Amino acid sequence: MKQTITHLFYGIFLLSLGIISCNKDIVEVDSNYHALQPVKLDLNAGSWKPFFAGASTDYPVPAPDDVNSAAYQNELKELKILVSNLTDQQKKIIDYWKVGSVLRWNEIMRELVAKHNLAPYQKEDGTYPVPSASNPFSYPEFPFSNPPYAARAYAYMSIAQYDALIMAWKFKAQYNRPAPYKIDAGIQVSIPKNELSSYPSEDAVLSGASFELMRLLFPADIEFIKQKAEEEKNYRLWSGANVKSEIVAGDSLGRWVARKVIQRAKTDGMGAAGGSPAIWKQLETTCLARNETPWLSLESPKRPPMLCLFGNVKSVLFDASLVSSLRAVPPPPTNSEKMREELNEVLKYTQNATREQMRIINFWADGAGTYTPPGHWNAIASEEFVKNHYSEVRWARNYALLNAALMDAAIICWDTKFFYFNARPCQLNPAIKTLTGVPNFPAYISGHSTFSGAAATVLSYLIPQRRLEFEAMAIEASNSRIYGGLHYRSDCEQGLIAGRKVGNYAVDRAKVDGAN
């Protein structure tokens, strides 16, 4: 079964890398996706529990004009003219977005993560420049979207979309305005019709929320992000699904909710996660004081450790005071027989890798220039979500649960890594020649394993009939790091345990969020 699973998702992985291109041209529509037609509209989603948005009374969405008013009737006339004169380019844009806007924004996010997942080159003096959000266009471009940064980015984006759509569903129920094509049957509609209230427009809500978060997270790509946000709003007009006032109200609501999430993001401690030379030295000194061999950067010149204080970033699913209690148990001592056994196992795999093990190593590598391990699990989730024909708000909920767990998994993993500061296998035994790139941070616990344990736990709850496949994938992702010579067995086993614990916090939230 393992081989079948990984071959299936290898195809998904290759497909997802080429879904869109980060340029100003509209891409060809993925023929594997069909227009969004939810099995259930989740009309009660306005009562679901948001993460950070608060109450709907915080957002001044004005009542829409009556459908019999002159203003609305004029909007209908403008819409009829608009939809009857579509260009081929406009039709392509409709076909692109109609598969589901939450899905499309997730794809866009994955591409931007991959674009920026490149460590800066060293300067002439041997030091490394740090990307600056205040000057994102200078080298190195902001951000360096390494795994912790990416996990946090996916989380805040998904949460903003989810919270914004909850608010949208509240106002839809409150104002209950029929869609334009319900009022005027003469309007040509090029997307599936449904019974959802049209004010405010859910796509405009997503456009506004996504734009605000994306420009915070990827400011150097502001023009591309703006283009996609405008496309999404226009697609609803061109397809005959919304009149302009519904777009305006939705865009404003999405931006308001996003700003709540941004306020939280700006105070979560990410700005201090890089640490300082004094802190980097102290980590090494503390490890030596325990009579252990400290981790050292294997790059030349030595690069500062990646986000050594990310473990202090404020978690989403549990209070920050619980982080130390979720930290993995101590690893085997450097000079112990257990460590020697694990080192020998790693050496054996790297010297005798089979073709199947090499395939597994490469499939799960997710190194520089990719959308990272959290992005890989988003790609896997996306292919599964498509099969279930969710509403937009349920798509957003699923991504929010998954990505909140992935962000918190990164926090627990990085807290553990820099608490123990364990050396990589190839550092303890130079005979170990790694079969994929060595990340610039300590070994214990494995990030891939922690991410995979968390993701598989959440996805198993959301799609229980696929539980065995998700669990098998998590184990395979974990084992890939042993096969590649990057991690000891204990790194991977304890990483899976830590990830599953974090995933269960997301599951506990899902059980009481009102969506079941």
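Provided above is the structure to which this section pertains.
Values in this document were obtained by computation on a predicted structure and should not be read as measured data. (Residues numbered from 1 in each chain as written. Predicted model: local features only at pLDDT ≥ 70, side-chain atom pairs only at ≥ 80, totals over all residues. Heavy atoms only, no water.)

Enquirer: Is there a simple way to think about the overall build of the chain in this case?
Expert: Check the secondary structure of the chain and you find 19 helices and 0 strands. Taking 516 residues into account, the globule formula puts the C-alpha radius of gyration at 24 Å, and the chain, at 24 Å, falls close to it. Once the C-alpha set of the chain is aligned to its principal axes, its extents read approximately 80 × 45 × 45 Å. Burial status across the chain gives 60% buried among its 516 residues. Restricting to contacts in the chain with at least 6 residues of sequence separation, those with at least 24 account for 85%. Surface accessibility of the chain: about 20,400 Å² in total, with carbon and sulfur atoms responsible for 53%. Placing the 55 positive and 52 negative side-chain charges of the chain at their respective mean positions leaves the two points 2 Å apart. (Helix = DSSP H or I, 4+ residues; strand = E, 2+ residues; numbered from the N terminus. Rg over C-alpha atoms; globule rule 2.2 N^0.38 Å. Buried < 20%, exposed > 50% of the residue type's maximum accessible area, 1.4 Å probe, protein only. Contact = heavy atoms within 4.5 Å. Areas by Shrake-Rupley, 256 points an atom, 1.4 Å probe, with all protein chains shown as cover. Lys, Arg positive; Asp, Glu negative; His and termini not counted. Charge placed at Lys NZ, Arg CZ, Asp CG, Glu CD.)

Enquirer: What is the right way to look at the nonpolar core in this model?
Expert: In summary, soluble globular proteins display a tendency toward joint burial of nonpolar side chains. Core analysis: the largest hydrophobic core is formed by 148 residues, its most contacted members being F51, M109, M214, L253, F310, W377 and F385. Top contributing element to this core by residue count: helix 15 (residues 392-420), with 19 residues. Ignoring anything within four residues of it in the chain, the contact list for W377 reads W364, L402, F451, S452, A455, A456, L459, F470, M473 and A474. (Core = buried A, V, L, I, M, F, W, Y, C linked by side-chain atoms within 4.5 Å.)

Enquirer: Can you walk me through the pattern of salt bridges in this structure?
Expert: All told, the structure shown has 31 salt bridges when counted by the stated rule. The shortest N-O distance in the salt bridge between R152 and D268 comes to 2.8 Å. Taken as a pair, R152 in helix 5 (residues 147-175) and D268 in the loop between helix 9 (244-265) and helix 10 (277-289) lie far apart in primary sequence, 116 residues in all. Using a relative accessible area of 8% as the deciding quantity, one classes R152 as buried. Put simply, R255 and E212 hold a salt bridge, and the shortest N to O gap is 2.9 Å. Of the two residues, R255 sits in helix 9 while E212 sits in helix 7 (residues 202-217), which places them 43 residues apart along the sequence. Three or more residues are tied together by salt bridges with common partners; here these are E212, R215, E230, K233, D251, R255 and R259. (Salt bridge = Lys/Arg side-chain N within 4 Å of Asp/Glu carboxyl O.)

Enquirer: Quick question: what am I supposed to make of the environment of V313 here?
Expert: Residue placement: V313 occurs in the loop between helix 10 and helix 11 (323-326). Distance from V313 to A265, taken between C-alpha atoms, is 9.7 Å for residues 48 residues apart in sequence. Here V313 is in contact with D268, G269, M270, A273, M407 and I411, once residues within four sequence places are set aside.

Enquirer: Sorry if this is basic, but what is going on with the packing of aromatic side chains here?
Expert: Remark: the centre distance and the inter-plane angle together describe each pair of aromatic rings, the angle taken between the planes. The full count for this structure, using the stated rule, is 21 aromatic pairs. With centroids separated by 5.7 Å and ring planes inclined at 85 degrees, the aromatic side chains of W295 and F421 adopt a geometry described as edge-to-face. Of the two residues, W295 is situated in the loop between helix 10 and helix 11 and F421 in the loop between helix 15 and helix 16 (425-428); the sequence distance between them amounts to 126 residues. You can call W295 buried: its relative accessible area is 4%. Centre to centre, the rings of W414 and F441 are 4.7 Å apart; their planes meet at 55 degrees, and the pair counts as tilted. Of this pair, W414 sits in helix 15 while F441 sits in the loop between helix 16 and helix 17 (447-462), placing them 27 residues apart in sequence. A single burial state applies to W414 and to F441, both of which are buried. A connected cluster of aromatic rings, assembled from ring pairs, spans F385, Y390, W395 and Y399. It is K228 that lies over the ring of Y96; its NZ or CZ is 4.6 Å from the centre. (Phe/Tyr/Trp six-rings, centres within 6.5 Å; stacked < 30°, edge-to-face > 60°. Lys NZ or Arg CZ within 6 Å of the ring centre and 35° of its normal.)

No statement about biological role is implied by the geometric values presented.
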